[in-house]
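This is what each chain is made of:
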2 protein chains.
Amino acid sequence: MPAQRPRGVSIQDVARAAGVSRQTISNAINAPHKLRPDTLERVTALIEEMGYRPDQSARSLRSGTRRIIAYTTPETDPDNPNALMSGFLEAMVAAAGEAGYRILLVRPRPGQSRARALEDVIAARTADAILLSDVLEDDPCVDYLHETGFPFAVFGRTGPGRPQAWVDVDSAQAMIDLVGLLSSHGHRRVAYLGTSAALPWLRHREAGFRIGMRRFGLAGHEAFVDGLDEVVAVARDLLNRSPRPTALVLDDDWLAPGAYAAAQAEGLTVGADLAVTGFNDMPYTRLLQPPLTTVRLPLRRIADALVSRLLQSVEEGEPPEAGLLLAGDPVLRPSMTTVE
Amino acid sequence: MPAQRPRGVSIQDVARAAGVSRQTISNAINAPHKLRPDTLERVTALIEEMGYRPDQSARSLRSGTRRIIAYTTPETDPDNPNALMSGFLEAMVAAAGEAGYRILLVRPRPGQSRARALEDVIAARTADAILLSDVLEDDPCVDYLHETGFPFAVFGRTGPGRPQAWVDVDSAQAMIDLVGLLSSHGHRRVAYLGTSAALPWLRHREAGFRIGMRRFGLAGHEAFVDGLDEVVAVARDLLNRSPRPTALVLDDDWLAPGAYAAAQAEGLTVGADLAVTGFNDMPYTRLLQPPLTTVRLPLRRIADALVSRLLQSVEEGEPPEAGLLLAGDPVLRPSMTTVE
DNA sequence: TTGAAAGCGCTAACAA
DNA sequence: TTGTTAGCGCTTTCAA
């Protein structure tokens, strides 16, 4: 039996204290220009003094708007918490906050599909818009949301012929740039170490690597790891191909400690005999010795773009017509080397 | 001018379709035992079929309960995003979800104090309870929340003589255990590398280290770094004291890559000539070569405890009387060595 | 520029 | 066991 929490000051209380109608108080907050300056000032002072804030629920019920963006948090493998999430969320909270929105974390209950959780959010009018990330190419959530017409946006990509309410990093181009950077540092033999999971963003990076290699006329090999334990062995194997590569491109920063260990085991010094590059600019990459050259995702710009699309959908009722691809920024650090 | 989003099916619609009153529909959802089985079944089927979900705002307005926990996200230094946050949030979302609550991320607006942001949450009746983390010992938010009587809980600690609605890791004990572990592996000379920031949890770890050193009769030195760039130099200096320490205890995993590099620069092999231990069990510690011995925080148990305290406050109106200290789990990995 | 009336969708309290 | 009534606090609409 939840105790009935004492309710705070209501619009009525303030109105009585000010000797005006409730409507005047409401206007002071929602449409200040409608009040005479002196009334406005008096009322505003009183609102501040009494600590009045409109009740969120009442306001939402009446106006039909919640000022909340629901974000379905991807279920993270506890072994590999998506460290990126904290940076992305961070950016989303900031971007949404500036627009007067807050982020509500929604997790499907055990056994419940993500689409079903979203259905709950929509039907219960919990949020004004929904944000998705970590979607697969044919994710049913995207179609479901599109059908309902509910405002949503995706961090990631959706295939052609599907709703294009997404914002993503141009991973392929970033990878091409990285290969170009290696080429301009004199590298000719470059190996690629990737993660074997069939995740869209990983495949885009790989594709970018291949394009870059062709474009800059470089030679190399690719190898993929399935899990933590394989990293060092597979990297060593890659470093032993002949002719030996002078650079090792990783599809994710998380592989870097393994790559560094492999180099050491092969008697190579990263940053001198071997260049290594990563992807994502995780915080710890700057602490590796030598610090890792990698690609930084423009999280804040991504978040801003997502929020602006979301709000456009909410306010105009029109979903965005095209996806938005933002450039990643290569970050040059000492793990890069120059080859004569 | 926000478009008036079409409202979905209401309780009225379902009631009409079922030929019963609204109250019966409400009861089917909130107090099923009050209905005759056949009525319940009929109504439930109809609810499912029509996709009816009670409007969150209307429900909240009427019942005074929001089923939301507000979490003020600490403002993260973009240079050092608290990678822990994602793991903690993850656990909180899961724990709260099981209790039927969701997490709302609240960030003070620029220039706004955290206490002020909390005041907004309370006055606007946005949430049923508030969760704080990263509080300092004399954090004004804690006193403010205590005075208001609003349900809240803290991940971290508050000083004696202050509200005790907190759950924390017993960092000191974990550190003592770690030193004990080193002692039992034959180590006699152990160095401590810490972060100089005056954060409570770091000071607890340091205190635990000292207690452990005394208790096990070990000798050693302490040194502190102020930033990223100092790590390797300070660690090398520590390794050069004579007699040379056989183990290096870090107050946080983030120092580990620097410690490994320092060892290498000194011609030492971590896991053979030198033991290194960390704190927090960040995901990448398992990828270091050798994988790092560290302390895992029981995030899920912390989250469960926080949620249960929060709900107790909400439901009984009684704040918890004592803090709860949970044990951290030392995780033994190959960076530990045995000394003859 | 201000005020009065209506009602958003729901559930608590009570009546049948 | 079910239905009726009232009203949570606010904003929209319309009238003064």
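Residues numbered from 1 in each chain as written. Chains lettered and ligands numbered in written order. Predicted model: local features only at pLDDT ≥ 70, side-chain atom pairs only at ≥ 80, totals over all residues. Heavy atoms only, no water.

### A closer look at the pairing of strand β5 (residues 166–169) of chain B
Residues and elements named next belong to chain B.
1) Next: Across the two faces of β5 the burial is the same, with Trp166 and Asp168 and Val167 and Val169 all buried.
2) Next: Pairing of strand β4 (residues 152–155) with β5 involves two bridges; the strand directions are parallel. Its bridge partner lying in β5, Phe155 is registered against Val167.
3) Next: Relative to strand β11 (residues 324–326), β5 is paired through three bridges, and the arrangement is parallel. Each residue of the ladder has a partner; that of Asp168, found in β11, is Leu325. (Buried < 20%, exposed > 50% of the residue type's maximum accessible area, 1.4 Å probe, protein only. Helix = DSSP H or I, 4+ residues; strand = E, 2+ residues; numbered from the N terminus. Pairing = 2+ DSSP bridges.)

### Brief notes about helix α1 (residues 11–18) of chain A
Residue and element names in this part refer to chain A.
1) Next: Of the positions making up α1, those classed as buried are Val14, Ala15 and Ala18. Seen from one end, α1 has its buried residues packed into an arc of 100°, which puts them on one side.
2) Next: Looking at the packing, one finds that the buried side of α1 touches α2 (22–30) and α3 (37–50). (Arc of directions from axis to C-beta. Contact = heavy atoms within 4.5 Å.)

### Overview of the protein's contact with DNA strand D
1) Next: Lining the immediate environment of DNA strand D, one finds 25 residues, of which Ile11 and Tyr52 of chain A together with Thr24, Thr39 and Arg62 of chain B sit closest.
2) Next: Counting only atoms of DNA strand D within 4 Å of the protein, the fraction found in sugar and phosphate groups is 59%.
3) Next: Between DNA strand D and the protein, one listed contact pairs a phosphate oxygen with a side-chain N or O atom of Ser26 of chain A at 3.0 Å.
4) Next: Contacts to DNA strand D include Asn30 of chain A, whose side-chain N or O atom sits 3.0 Å from a phosphate oxygen. (Near = heavy atom within 4 Å. Polar contact = N/O pair within 3.5 Å; in protein donor to acceptor, adjacent residues only side chain to side chain.)

### Regarding the interface of chain A and chain B
Accessible area lost on assembly of the parts is the figure often given for the size of an interface.
1) Next: Contacts between the two partners involve 67 residues from chain A and, on the opposite side, 67 residues from chain B.
2) Next: Between chain A and chain B the total buried area reaches about 6000 Å² when both faces are included, carbon and sulfur atoms providing 54% of it.
3) Next: At the surface where chain A touches chain B, the tally comes to ten salt bridges.
4) Next: Its salt-bridge partner being Glu119 of chain A, residue Arg53 of chain B comes within 3.3 Å of it at the nearest N-O pair.
5) Next: In this assembly, chain A and chain B are joined by 15 residue pairs in polar contact (both at pLDDT 80 or more).
6) Next: Mapped onto the side of chain A that touches chain B, the elements with two or more residues apiece are α4 (56–63), α5 (83–98), β2 (102–106), α6 (114–123), α11 (256–265) and α12 (299–316) of chain A.
7) Next: Sorting elements by how many residues they give to the side of chain A that touches chain B places α4 of chain A first, with seven residues.
8) Next: Considering only residue class, the side of chain A that touches chain B consists of 32 nonpolar, 18 polar and 17 charged.
9) Next: The pairing of β2 of chain A with strand β2 (residues 102–106) of chain B spans three bridges and is classified as antiparallel. Looking across to β2 of chain B, one finds that Leu105 of chain A is bridged to Ile103 of chain B. (Buried area = accessible area lost by both parts, 1.4 Å probe. Salt bridge = Lys/Arg side-chain N within 4 Å of Asp/Glu carboxyl O. Nonpolar A, V, L, I, M, F, W, Y, C, P; charged D, E, K, R; others polar.)

### Overview of the domain arrangement of chain A
Residues and elements named next belong to chain A.
1) Next: Each domain of chain A was delimited in the assignment, giving domain 1 (11–54), domain 2 (68–169 + 302–327) and domain 3 (171–297).
2) Next: Computed from C-alpha coordinates alone, the two centres of domain 2 and domain 3 are separated by 31 Å.
3) Next: Listed per partner, the contact involves eight residues of domain 2 and seven residues of domain 3.
4) Next: Between domain 2 and domain 3 the total buried area reaches about 810 Å² when both faces are included, carbon and sulfur atoms providing 68% of it.
5) Next: Linking domain 2 to domain 3 there are zero salt bridges.
6) Next: For the pair domain 2 and domain 3, the interface holds one residue pair in polar contact (both at pLDDT 80 or more).
7) Next: When grouped by side-chain class, the residues that make up the side of domain 2 that touches domain 3 number five nonpolar, no polar and three charged. (Domains from an automatic or database assignment.)

### A few points about the UniProt feature "domain: HTH lacI-type" (unreviewed entry) in chain A
1) Next: According to UniProt, the feature "domain: HTH lacI-type" (unreviewed entry) maps to residues 9–63 of chain A in the numbering used here.
2) Next: Secondary structure content for residues 9–63 of chain A is 71% helix and 0% strand, while the C-alpha to C-alpha distance between its ends is 20 Å. (UniProt positions renumbered as here; feature names shortened; annotations may be inferred.)

### Side note on the nonpolar core
1) Next: Counting 92 residues, the largest nonpolar core has Ile103 of chain A together with Ile103 of chain B as its most contacted members.
2) Next: Residues within four places of Ile103 of chain B in sequence aside, it is in contact with Ile103, Leu104 and Leu105 of chain A together with Ile69, Tyr71, Leu89, Met92, Val93 and Ala96 of chain B.
3) Next: Residues Leu193 of chain A together with Leu274, Val276 and Leu292 of chain B belong to the second largest nonpolar core, which totals 56 residues. (Core = buried A, V, L, I, M, F, W, Y, C linked by side-chain atoms within 4.5 Å.)

### A short note on the packing of aromatic side chains
1) Next: Per the stated rule, a full pass over the model turns up nine aromatic pairs over all chains.
2) Next: Seen from their ring centres, Tyr284 of chain A and Tyr284 of chain B are 4.1 Å apart, and the 20° between their planes marks the pair as stacked. Placement of the pair is Tyr284 of chain A in the loop between β9 (275–277) and β10 (294–296) and Tyr284 of chain B in the loop between β9 (275–277) and β10 (294–296), with the two residues belonging to separate chains.
3) Next: With relative accessibility at 9%, the residue Tyr284 of chain A sits in the buried group. (Phe/Tyr/Trp six-rings, centres within 6.5 Å; stacked < 30°, edge-to-face > 60°.)

### As for the relation of the copies chain A and chain B
1) Next: Mapping chain A onto chain B is achieved by rotating through 180° and translating by 0.0 Å along the same axis, at an RMSD of 0.0 Å. What the rotation and shift describe, once combined, is the action of a two-fold rotation axis.
2) Next: Interface overlap between copies: 99% of the residues of chain A at the interface are likewise at the interface in chain B, consistent with a symmetric, same-surface contact. (Least-squares fit on C-alpha atoms with pLDDT ≥ 70 in both.)

### Brief notes about helix α7 (residues 140–148) of chain A
Residue and element names in this part refer to chain A.
1) Next: Looking only at α7, the buried set comprises Cys141, Val142 and Leu145. The buried residues of α7 occupy an angular sector of 100° when the element is viewed end-on, so they sit on one face. Away from the buried face of α7 by more than 90 degrees, exposed residues Pro140 and Glu147 are located.
2) Next: Each element contacted by the buried residues of α7 is listed here: α6, β3 (129–133) and β4 (152–155).
3) Next: Between the side-chain oxygen of the N-cap and the backbone nitrogen of Cys141 there are 3.1 Å, and the N-cap of α7 in question is Asp139.
4) Next: Following α7 by one or two positions, Gly149 adopts a phi angle in the positive range, close to 80°.

### Concerning the sheet that holds β9 of chain B
Residue and element names in this part refer to chain B.
1) Next: With respect to topology, four strands assemble into an open sheet ordered β7-β6-β8-β9, the strand pairing being parallel. The open sheet is flanked by β7 (222–225) and β9, the only strands paired with a single partner. Across the sheet, the mean angle separating the axes of adjacent strands is 20° when strand polarity is ignored. (Axes fitted to C-alpha atoms, helices over the stretch in contact; angles between N-to-C directions.)

### Some details on unusual backbone geometry
Residue and element names in this part refer to chain A.
1) Next: The omega angle of the peptide bond from Ser242 to Pro243 is 0°, so this bond is cis rather than trans.
2) Next: In this fold, Pro243 is placed in the loop between α10 (231–240) and β8 (247–250).
3) Next: Look at the link from Gln289 to Pro290: it is a cis peptide, with omega at -5°.
4) Next: With respect to the secondary-structure elements, Pro290 resides in the loop between β9 and β10.
5) Next: Positive phi is not limited to glycine here, since Asp281 has a value of about 55°.
6) Next: Along the polypeptide, Asp281 turns up in the loop between β9 and β10.
7) Next: Judged by its relative accessible area of 17%, Asp281 falls in the buried class.

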